[in-house]
Structure formats: C-alpha cells, structure tokens
Amino acid sequence: MSPFRSHMQAALDQARAAAARGEVPVGAVVVAPDGRVVGAAGNRTRELNDPTAHAEVLALRAACAAAGSERLPGHDLYVTLEPCPMCASAIGQARIARLYYGAADPKSGGVAHGPRIYDHPQSHHVPEVYDGIRAAEAEVLLKTFFAARRG
Ligand SMILES: [Zn+2]
C-alpha cells in the first residue's frame, strides 16, 4: 500500500488546460491501485461535439483502455467539480473505489445535490466519497471562465 498522495493538482492542471481550449474548466484523473495515473482529461464537449465528453468520462475511458477492462476496482478518481448525474453513474459502473472531488455543484451536481446518485437504491456500487478537496481553486477557475464568457 503506497502512502496517500493527492492527485488533485493533476486534475486542476487538466481543468486549466480545458479552459485554455474554451471548454468548461473541469479536470479529472484516475489513479491505479499502484499509484500510477492511468487516465487524465479535461472537458472536451465542444471540441468533440459530444455532450458526454465530460472530464470524468474521458478519464474513465482512458483508464479502462489501459486496464483492458470495463471495471476499475481499487482505482481512485479525482475531479475538480462535483460529478453530474451522468458521471456519478459512470463512476459507479466502473467500480471506482474512492471519489475525491473539489467544488460543490448545487446547480448540476449529482452526488451531494440533485438526484444524489449514490444514495439511490439502484446504485449497485458506491465509492467512498471525499468532497471539498482544494475546492476554492476549482471554484476560482470556474468563476473566472464564466465571467470572461459573459464579459
Ligand atoms: Zn459529468
């Protein structure tokens, strides 16, 4: 068992790169049980013309491709923003062990807000959830991005 090391910095870097591409600044990384980063992505919904191309989904796809499996037991996922219902469900389907997220998302989140996916009896796998990890930095990224778009 390797000592705990937060990978939220890598997720924040992915969020910044997404903002630079004109995408909503959300970033995610998937970490294998041995501590290797096996998936890292930011939002690419506009670039790919794909409403499912959220950071979490893209990071899960990369990690599953690396693992050669549709499931990622023992893996951790770090994401800068509370996952939406679609991503929360995908994270459960992938059997992610631990979910670490940054800012809360009262408007579109699906973990602590809205449908609260993991509280639902249809959730067959529920990850351990740790919220508020470097939330202030994630919030600044989002606020700056949307303020610039309004300006
Ligand atoms: Zn999502």
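Read on for an overview of the structure. Everything numeric here is computed off the predicted structure, so don't read it as measured data. (Residues numbered from 1 in each chain as written. Predicted model: local features only at pLDDT ≥ 70, side-chain atom pairs only at ≥ 80, totals over all residues.)

1. Comments concerning the packing of helix α3 (residues 55-67) against helix α4 (residues 85-93)
The N-to-C vectors of α3 and α4 enclose an angle of 20 degrees; their axes lie 9 Å apart at closest approach. In terms of axis orientation, α3 runs roughly parallel to α4. Helix-helix and strand crossings are classified by hand; for α3 and α4 the assignment is left-handed. Residues Glu-56, Val-57 and Leu-60 of α3 touch α4, and the partners they reach there are Cys-87, Ala-90 and Ile-91. Split by residue class, the contact of α3 with α4 holds five nonpolar, no polar and one charged. (Axes fitted to C-alpha atoms, helices over the stretch in contact; angles between N-to-C directions. Helix = DSSP H or I, 4+ residues; strand = E, 2+ residues; numbered from the N terminus. Parallel < 35°, antiparallel > 145°, perpendicular 65-115°, else oblique. Left-handed = near helix turned anticlockwise from the far one by under 90°. Contact = placed C-beta atoms within 7 Å. Nonpolar A, V, L, I, M, F, W, Y, C, P; charged D, E, K, R; others polar.)

2. Topic: the pairing of strand β2 (residues 37-42)
With respect to burial, β2 is a largely interior element, five of its six residues being buried. The pairing of strand β1 (residues 27-31) with β2 spans five bridges and is antiparallel. Paired with Ala-28 across the two strands is Ala-41, which belongs to β2. Remark: five residues form the turn of the hairpin made by β1 and β2, two consecutive strands paired antiparallel; Gly-35 in that turn has positive phi of roughly 95 degrees. (Buried ≥ 20, exposed ≤ 12 C-beta atoms within 10 Å, placed from the backbone. Pairing = 2+ DSSP bridges.)

3. Some details on the sheet that holds β2
Read across the open sheet, the five strands follow the order β2-β1-β3-β4-β5; overall the sheet is mixed. The sheet is open, and its two borders are formed by β2 and β5 (128-130), each paired with just one other strand. Strand-to-strand twist of the sheet, defined as the mean angle between neighbouring strand axes without regard to direction, takes the value 15 degrees. Its contacts with the sheet put α3 on β1, β2 and β3 (76-81), and the angle it makes with β2 is roughly 155 degrees.

Nothing here speaks to function; it is all geometry.
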